[in-house]
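Read off the chains here:
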Amino acid sequence: MPHDQHAEPDFSDDPFEARLSSALHDAGASFDTDRAALTAAGAAHGRRLRRRQQASVFGAVTVTAVAAVVGGTLVLPGGEGGAAGQPAAPGTSVNPTPKPSDSGVTEQQMITTLQKLLPHGTVSEQTGRGSGEKPGYSATASLVFDDGKGPAAVDVAIDHVPPGTGEAQQTVQCPDKVYIPYDSCTTDRLADGSVVMLLQGYEYPDRRTDTKRWTAELITPTGQHVSVNEWNAAQEKDAPVSRATPPLDRAALTRLAAAPEWRTLVDAIPQRRSHGLADTQEPGAPVRSTLASLLPKGLAVVGRSSDETGFGYLVVDDGKGASLVQVNVQTGMNDVRDQLFDSGSEELPDGTLVAVHKEPGEKGGKGVVMWTVDSMTPDGRRVVVSAFNSGSQEAAATRKTPALTIAQLRKIALSPQWWQ
Amino acid sequence: MRQVRADEYAEFAAAQAGHLYRSACLLTAGDTHLAEDLVQETLGRLYVRWSRVARADNPAAYARTTLTRTFLAHKRLRRSSERSTDELPETAAATSDTPLRLTLLQALGQLPVKDRAVVVLRYWEDRSVQETAAVLDTSPAAVRTRCVRALARLRALLGEDIGEYARP
């Protein structure tokens, strides 16, 4: 009943979810390929990556101002054991989580707080989960509350959501009614700047039972997130409807979610390593016009995308044939830093990582090559500039190499203008 | 790589390649070419880090996490010739297939990539909400939000019974 308190998959009580799982397993199992060839290709790719790393280690040490000698050990930026985050698969010791300064929130604190904040009535079947010491986990409490009009399940989950991010916005954004039928949904800003979404909906989107689920999702300006659910039944699923509506009306539900007690508890939960500034920033300048302003002299623009943030391209011609130049500008990309850069990547004094790739074009135009400079700042802002020896990725090559050199692409990628 | 380690890696990669590929096919909504690229990239990264991966409690889970993140890193780049998301990759249509499998892949293809990753992790990898959140480096609340939205969308696209996949 409460939010994901189980370690096991927790969807088996919804027939649709079970069918979906079954359908995915059928569909997944039907895919097969030449595994030996794939394994060999993977190992070959690994050997290439390793050679690239080894070849660049010496250069990286000499040009990198932040490479530091710590206790006699050279700490290389970026790669294995470097500053870049490794994927932290659950239950692996590959990336030991930094020990938080406190031990988080206990199950008992959660339950006691929920009981204290509920109006007059009886409570039973209290369960919960502490946040533990792992950063980023939520703490939960759930119980059955009866104000005298029938038992009702109530649960609360608290965690921290980086403020100003898409995730924060999405949490308090009313869902599209096309997908989730509900009776009412509102999003309001409270006097302290918190935003709260109140959703009066149903346990099952298809309303196969009349179990109502009312939800409050509240996020404070500093990213404290409180999620409260209440039902008009003693359990979330598989319990008869016990009353016409859940016990707390909109005002009472808002009061419960907005209680300062939760915020104190959220602050005690160890936070995931900060994603940094980037999460709060909109991705920079309009891409196509910025790219145009950064092009070297002597190139005619013969094709262009619309001018928006995030992505854009130009087709340029230096007199020797068309060349497509495309740019992606992204923020909040620290979660995939490790997939994009390795110890073969260059690290600039300010911590920005730069990777250069020369590859065949992705879309299969005959003889097309793609030269890419990928860059990311320590706070996760990424600019990727790719140039092709063709006016389009699908068309055959129109020239031997792209119209811009790697050095020129690098200069474009590292321009501060993307963020102005 | 020393020989013992190399043998260990080869054994691990051979054992995992099939599952990684199938996961990649679902993540890419049936784009088998991209799926092969993603698995190759994933196996390459595991090769480079093998001495650490081998010491992990669960190297297989580590491999799947790497695959998911490689997929997300790839999919978040837009291309000048990008297909719209509601168009089925032709590679899936080209395989001999049941209409329902195609429908499922097409429906997956209509989900935003992170929502699709949540669905694949939860219902194909059978991961818990907490584990899914850890793989995607996000909060459990965000996983729930994505999951509810994705399920509602899939319900609308596939129907409550998911056609003949429905099992008694």
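A. Highlighting the side chain of Thr113(A). Residue and element names in this part refer to chain A. In this structure, Thr113 sits in helix α3 (residues 107-117). For Thr113, a relative accessible area of 13% gives the class buried. Separated by 2.6 Å, the side chain of Thr113 and the backbone oxygen of Gln109 make a polar contact. Non-local contacts of Thr113, meaning those with residues more than four positions away in its chain, are made with Glu261, Trp262 and Leu265.

B. The side chain of Ser227(A), seen in detail. Its location among the elements puts Ser227(A) in strand β9 (residues 224-231). Polar contacts involving the side chain of Ser227(A) include one to the side chain of Glu217(A), which spans 3.3 Å.

C. Structural detail: the confidence of the model for chain A. Residues and elements named next belong to chain A. In this model, chain A carries a mean pLDDT of 78, and residues with pLDDT of at least 70 account for 76%. Counted against residues more than four places away or in other chains, residues 1-9, with its pLDDT under 50, gives 33 contacts. Contacts of residues 274-282 to residues separated by more than four positions or lying in other chains number 18 contacts, the stretch itself having pLDDT below 50.

D. Broad picture of the nonpolar core. In terms of nonpolar packing, the biggest core is built from 58 residues, with Leu20(A), Leu24(A), Leu26(B) and Val119(B) touching the most fellow members. For this core, the element with the highest residue contribution is helix α1 (residues 3-27) of chain B, accounting for nine residues. Those residues in contact with Leu26(B), other than ones at most four positions away along the chain, are Leu24(A), Ala27(A), Gly28(A), Phe31(A), Leu105(B), Leu108(B), Arg116(B), Val120(B) and Trp124(B). Ranked by size, the runner-up nonpolar core spans 29 residues in total, among them Met110(A), Ala141(A), Ala257(A) and Leu265(A).

E. Main features of the pattern of salt bridges. Summed over all chains, the structure comprises 16 salt bridges over all chains. With a closest N to O distance of 3.0 Å, Arg381(A) and Asp379(A) form a salt bridge. In this structure, Arg381(A) and Asp379(A) share a single accessibility class: buried. Between Arg149(B) and Asp115(B) there is a salt bridge, and its shortest N-O distance comes to 2.8 Å. In this pair, Arg149(B) is assigned in helix α9 (residues 140-158) and Asp115(B) in helix α7 (residues 113-124), connecting sequence segments 34 residues apart.

F. Expanded view of the sheet that holds β9(A). Residues and elements named next belong to chain A. The strand order β3-β4-β5-β9-β8-β7-β6 describes an open sheet built from seven strands, whose pairing is antiparallel. Here the strands that pair on one side only, and so sit at the sheet edges, are β3 (122-129) and β6 (182-189). Across the sheet, the mean angle separating the axes of adjacent strands is 10 degrees when strand polarity is ignored. Along the sheet, helix α6 (residues 260-268) makes contact with β5 (151-160), β8 (212-219) and β9, crossing β5 at roughly 45 degrees.

G. Highlighting the packing of aromatic side chains. Counted by the stated rule, this structure contains four aromatic pairs over all chains. With centroids separated by 5.6 Å and ring planes inclined at 80 degrees, the aromatic side chains of Tyr9(B) and Trp50(B) adopt a geometry described as edge-to-face. With Tyr9(B) in helix α1 and Trp50(B) in helix α3 (residues 50-53), this pair connects stretches of sequence that are 41 residues apart. Site record: aromatic cluster; members linked through ring pairs are Tyr9(B), Phe12(B), Tyr47(B) and Trp50(B). The cationic tip of Arg381(A) hangs over the ring face of Trp419(A); the distance from NZ or CZ to the ring centre is 5.1 Å.

H. The sheet that holds strand β12 (residues 322-330) of chain A, seen in detail. Residues and elements named next belong to chain A. Taken in spatial order, the seven strands line up as β10-β11-β12-β16-β15-β14-β13 in an open sheet, and their pairing is antiparallel. The strands lining the two open edges of the sheet, one partner per strand, are β10 (300-304) and β13 (346-347). Bridge analysis of strand β15 (residues 369-376) against strand β16 (residues 382-388) gives seven bridges, and the strand direction is antiparallel. Looking across to β16, one finds that Ser375 is bridged to Val383. Running over the sheet, helix α7 (residues 287-294) touches β10, β11 (311-317) and β12 and is turned about 40 degrees from β11. Sitting on the sheet, helix α9 (residues 406-413) touches β13, β14 (353-360), β15 and β16, and the angle it makes with β15 is about 35 degrees.

I. Molecular detail of unusual backbone geometry. Residues and elements named next belong to chain A. Within the chain, Glu125 stands out as a residue other than glycine whose phi angle is a positive 50 degrees. Within the secondary structure, Glu125 sits in strand β3. A residue is classified by how much of its surface remains accessible, and Glu125, at 54% relative accessible area, is exposed.

J. Expanded view of helix α1 (residues 15-29) of chain A. When the terminal C-alpha atoms of α1(A) are compared, their 21 Å separation across 15 residues agrees well with the 21 Å that a helix rising 1.5 Å per residue should span. Lining the buried residues of α1(A) we find α1, α6 (99-109), α7 and α9 of chain B.

K. Local environment of the environment of Ala244(A). Along the chain, Ala244(A) falls in the loop between β9 and α5 (250-258). For the pair Ala244(A) and Trp231(A), spaced 13 residues apart in sequence, the C-alpha separation works out to 9.9 Å.

L. Broad picture of the packing of α1(B) against α7(B). All names here are of chain B. It is the contact of α1 with α7, at a shortest axis distance of 9 Å, that shows an interaxial angle of 135 degrees. With respect to their mutual orientation, α1 and α7 come out oblique. As α1 packs across α7, the resulting crossing turns out to be right-handed. Counting all contacts with α1, which are made through His19, Arg22, Ser23, Leu26 and Leu27, the residues of α7 involved are Arg116, Ala117, Val120 and Trp124.

Conventions we followed
Residues numbered from 1 in each chain as written. Chains lettered and ligands numbered in written order. Predicted model: local features only at pLDDT ≥ 70, side-chain atom pairs only at ≥ 80, totals over all residues. Heavy atoms only, no water. Helix = DSSP H or I, 4+ residues; strand = E, 2+ residues; numbered from the N terminus. Buried < 20%, exposed > 50% of the residue type's maximum accessible area, 1.4 Å probe, protein only. Polar contact = N/O pair within 3.5 Å; in protein donor to acceptor, adjacent residues only side chain to side chain. Contact = heavy atoms within 4.5 Å. pLDDT = per-residue confidence, 0-100. Core = buried A, V, L, I, M, F, W, Y, C linked by side-chain atoms within 4.5 Å. Salt bridge = Lys/Arg side-chain N within 4 Å of Asp/Glu carboxyl O. Pairing = 2+ DSSP bridges. Axes fitted to C-alpha atoms, helices over the stretch in contact; angles between N-to-C directions. Phe/Tyr/Trp six-rings, centres within 6.5 Å; stacked < 30°, edge-to-face > 60°. Lys NZ or Arg CZ within 6 Å of the ring centre and 35° of its normal. Expected span 1.5 Å × (residues − 1). Parallel < 35°, antiparallel > 145°, perpendicular 65-115°, else oblique. Left-handed = near helix turned anticlockwise from the far one by under 90°.

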